[in-house]
Amino acid sequence: QVQLAESGGGLVPAGGSLTLSCAASGRSFSRYGTGWFRQAPGKEREFVAGVTGNGGYTYYGDSVNGRFTIDRDNPKNTVYLQMNTLKPEDTAVYYCAASEGLAYGGNWQSRLHYDYWGQGTQVTVSS
């Protein structure tokens, strides 16, 4: 069982940066592939980025590739999402999610492949 808690959201001007954190409870966090998703009002939940259990492989959604970086610190049971050059269209609630099945990679974009979800943190980018 894994519990996830996001933090670090807030209001930032366009072009700015923000770092989100996802803290996990429980041991053996390195057994879980971890992803970030986001959901804007009236839209589907969208895949943002994923990282394998050992942090050796990362994968990004097209809309954030080159601007966002996902990383993890397993001794601290934490996954980070560094967001740069933010745009108003990045405004959304950001969720982290974890899956043992994605420990070594796989279909990062499907929400169905994730077993555990956090409650989300709001990111608002002003124009």
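Model, not experiment: these values are computed from the prediction.

(A) Focus on the pattern of salt bridges. For the structure on display, the rule yields 5 salt bridges. Notably, a salt bridge pairs R38 with E46, separated by 2.8 Å at the nearest N-O pair. One salt bridge in this structure joins D90 and R67, with 2.8 Å as the shortest N-O distance. A residue pair is termed long-range when its members are at least 10 positions apart, and D90 in the loop between strand 8 (78-83) and strand 9 (92-99) and R67 in the loop between strand 6 (58-60) and strand 7 (68-73) qualify at 23 residues. We classify R67 as buried; its relative accessible area is 11%. One connected set of salt bridges, linked through shared partners, spans R38, E46, R67 and D90.

(B) Region of interest: the pairing of strand 9. Counted residue by residue, strand 9 has 7 buried out of 8 residues, so it is predominantly covered. Of the pairings in the sheet, the one linking strand 4 (residues 33-39) to strand 9 comprises 7 bridges and is antiparallel in character. Residue pairing in the sheet places G35 in a bridge with A97 of strand 9. Pairing geometry for strand 9 and strand 11 (residues 121-126), over 3 bridges, is antiparallel. Bridge pairing in strand 11 places V93 opposite Q122. Relative to strand 10 (residues 116-117), strand 9 is paired through 2 bridges, and the arrangement is antiparallel. Bridge pairing links A97 to W117 in strand 10.

(C) Representation of unusual backbone geometry in the model. The phi torsion at N77 lies on the positive side, around 50°, for a residue other than glycine. Mapped onto the elements of the fold, N77 is located in the loop between strand 7 and strand 8.

(D) Looking closely at the environment of P75. Within the secondary structure, P75 is located in the loop between strand 7 and strand 8. A relative accessible area of 79% means that P75 is categorised as exposed. Taking the C-alpha atoms as reference points, P75 and S30, separated by 45 residues in sequence, lie 8.8 Å from one another.

(E) Structural context of the sheet that holds strand 3 (residues 18-24). Strands sit in the order 1-3-8-7 across an open sheet of 4 strands; the sheet is antiparallel. The open sheet is flanked by strand 1 (4-7) and strand 7, the only strands paired with a single partner. Direction aside, neighbouring strands of the sheet carry axes that sit 15° apart on average. Across 6 bridges, the pairing between strand 3 and strand 8 is antiparallel.

How each quantity is defined
Residues numbered from 1 in each chain as written. Predicted model: local features only at pLDDT ≥ 70, side-chain atom pairs only at ≥ 80, totals over all residues. Heavy atoms only, no water. Salt bridge = Lys/Arg side-chain N within 4 Å of Asp/Glu carboxyl O. Helix = DSSP H or I, 4+ residues; strand = E, 2+ residues; numbered from the N terminus. Buried < 20%, exposed > 50% of the residue type's maximum accessible area, 1.4 Å probe, protein only. Pairing = 2+ DSSP bridges. Axes fitted to C-alpha atoms, helices over the stretch in contact; angles between N-to-C directions.

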